[in-house]
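# Commentary on secondary and tertiary structure
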Amino acid sequence: MPIEIATPMSTFTTIPPTLASANMAAKLTLIAPEILLFAGAVVVAVLGLARTASIRRAVPMVTAAFLAASLGVTAYVYRSDAVVESNLLLPQLGGFVKALIALIGILLVMIAGPAIDRRLEEAFDSGRASFDPIRTMRGEYFAFFLLSIAGTMLIANANDLIWLFLALELASLPTYVMVAVSRGTRRAQEAAVKYFFLGALSAATFLYGFALLYGATGTLDLVEMKARLAEMSAIPTLAILGGVMAILGIAFKLAAAPMHFYAPDVYEGAGSQTTAFLGFMPKIAGVVALMVLLGVFWTPVADAGGAIAARLPDAILALLWLVSVLTMIIGNVGALLQRNVKRMLAYSSIAQSGYLLIGIITGPGAGYNAVLFYLVGYGVMNTAVFAVLGALERQGEEVETLDDLAGLRVRQPGLAWMLAISAISLIGIPPLIGFFGKLALFAAAIEQGQTALVIVAAVTTAISAFYYLQLVAVPMLGAPTARTDAVHAVPSAWPRIAAVVCGVGILVMPFALEKLVTASGATAAPGATEVADITKSADVTKSAEITRAAQGE
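Basis of the calculations
Residues numbered from 1 in each chain as written. Predicted model: local features only at pLDDT ≥ 70, side-chain atom pairs only at ≥ 80, totals over all residues. Heavy atoms only, no water. Helix = DSSP H or I, 4+ residues; strand = E, 2+ residues; numbered from the N terminus. Polar contact = N/O pair within 3.5 Å; in protein donor to acceptor, adjacent residues only side chain to side chain. Phe/Tyr/Trp six-rings, centres within 6.5 Å; stacked < 30°, edge-to-face > 60°. Buried < 20%, exposed > 50% of the residue type's maximum accessible area, 1.4 Å probe, protein only. Contact = heavy atoms within 4.5 Å. 1 Å grid on protein atoms, 1.4 Å probe; cavity = no way out; pocket = protein on both sides within 12 Å on 5 of 7 lines; lining within 4 Å. Points joined across faces, edges and corners; volume = space filled by probe spheres on them. Axes fitted to C-alpha atoms, helices over the stretch in contact; angles between N-to-C directions. Left-handed = near helix turned anticlockwise from the far one by under 90°. Nonpolar A, V, L, I, M, F, W, Y, C, P; charged D, E, K, R; others polar. pLDDT = per-residue confidence, 0-100.

## Section: the environment of Asp-221
Turning to its location among the elements, Asp-221 is positioned in the loop between α10 (186-217) and α11 (222-231). Distance in space between the C-alpha atoms of Asp-221 and Val-296 is 9.9 Å, their sequence separation being 75 residues. Only 3.1 Å separates the side chain of Asp-221 from the backbone nitrogen of Val-223, close enough to count as a polar contact.

## So, the packing of aromatic side chains
Describing an aromatic ring pair means giving the distance of the ring centres and the angle of the ring planes. Evaluation of the coordinates by the stated rule reveals 15 aromatic pairs. Cluster of aromatic residues (ring-pair linked, three or more members): Tyr-176, Tyr-195, Phe-196, Phe-197, Phe-252 and Tyr-262.

## Things to note about the side chain of His-260
Position of His-260 relative to the elements: it lies in the loop between α12 (237-254) and α13 (262-269). By relative accessible area, which is 7% here, His-260 ends up buried. Aside from chain neighbours lying at most four places away, what touches His-260 is Ala-255, Ile-330 and Ile-350.

## Regarding empty space enclosed by the protein
Inspection of the entire model under this criterion finds six cavities of 30 Å³ or more. By volume, the largest cavity amounts to about 70 Å³. Taken together, Tyr-195, Lys-253, Leu-254, Ala-255, Tyr-262, Val-266, Tyr-267, Leu-278, Pro-282, Lys-283 and Ser-349 make up the full set of residues lining the largest cavity. Elements supplying a minimum of two residues to the lining of the largest cavity: α12, α13 and α15 (281-294).

## What to know about the packing of helix α17 (residues 341-362) against helix α21 (residues 433-447)
α21 packs onto α17 with a crossing angle of 35° between their chain directions and a minimal axis gap of 9 Å. As α17 packs across α21, the resulting crossing turns out to be left-handed. For the pair α17 and α21, the contacting residues are Tyr-355, Ile-358, Gly-359 and Thr-362 in the first and Lys-438, Leu-441, Phe-442, Ala-444 and Ala-445 in the second. Looking at the contact of α17 with α21, its residues break down into six nonpolar, two polar and one charged.

## Description of the confidence of the model for the protein chain
For the protein chain, per-residue confidence averages 86 on the pLDDT scale, and 89% of positions sit at 70 or higher. Across the protein chain, helix α2 (residues 32-47) holds the top mean pLDDT of 96, while helix α25 (residues 528-552) sits lowest at 44. Counting interchain partners and residues more than four positions distant, the pLDDT-below-50 stretch residues 1-14 has 17 contacts. In this model residues 528-553 is a low-confidence stretch, pLDDT under 50, and it forms 25 contacts with partners more than four residues away in sequence or in other chains.

Below, the structure is given as structure tokens:
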């Protein structure tokens, strides 16, 4: 009979009080950017209630200033000893992720700033309405904006299941309100209700999964959970079931199948500025949450040559594989059937989640590096498209259909070019950043033997070219119509500036590939504790194999 190696619960040692205090101080240091954003949320909420119009108009600028400050604080704290002392599975992850979130957040502020309370402020200025603080939403909107971003950042520092749950909910709950108030229409409120109830379902799903993980391991701490699972002869079925439930719940944040149904309705109902936010922030929240959570399941396995490689349990790997394939197929095929640009982009966002899951499946190292690198390009490309939509209006309403974009080059040639560049990059056509992002994902997957998954991704990418090229052909080659004569730029120049900045970024980033790849590679490196656990687990695995061989002899 083969000998099973098991470790009784009593052998797990407790962390000394001095070490625990050092860990806590390090964790508080690393969340300094989030603390700053919490303060910023309070400040902008108060400023939004001011009777002076100039103070209310300054709310977006103050929001951007706090995001810029959090960017500086992130760069500072992630160069300190707190990174090593934090005892996180991926201690460097937050440095890259938080910087990316803050940069994209500033671009999103440029899109949203002029749109929130625009009609109401015009009524105040003209004297058609008197100021009423109950009716103004700009301060509240940007307060929720900052709170959601703070929650997204906190996910990167999650070291236990409670922290991870609270961070995910903080990232999600403000977005329900943002959707409801983004347009002030019944359609936006309906979208918010759908988003809220499905979000509650997803929260219940991954919370139940967390409960099963706790029941299987007896701990909430992720590092300790990883150690306990590594010292067991086999991962318990209860833990695998908990992981499956947690992954399905987090799939909602990614808008990944089968938790994708809300996306088209919510994208269509929300204002363009909020849709731009939903297209990136929940997605990076879901990706980072999966990277952190799956860290407890990756186990070292020795191949025939003696090399140690990380591997997921078969059930979890099969689930991720199925979700990725379904998400890519459903997203790209669904987008083919749309004439509403925002619904098309919703299905596009679903498909992009499938591509990101390829890197998650590939695993720590090249896979995670490729995911983070891809997120940089995707954040800029997605924001560019919605910046163009946010910069246009037709008879005071948002531009939503492809027919509204016909002949855009005649009236707004700059916006037409930015839309074309971002759409071509989303396809993955060289030499734009989208091509290099997909190349990194596909190369990492092929290296790990996920060739079939790459073939599916390549086929669905070819399908996506049809609807993405419509965003190029209709504005650039289509003839203006009577309908498009009513399409013009919004009064504020900030959305147009954001579109230009993103378009230039798409063109320029390929020249900085080495720096971007290096930065994303250093981010996904495991911490010292995890390296020790992997080494220890590898030794246990080899010892068990030797014992089984001897027993067989």
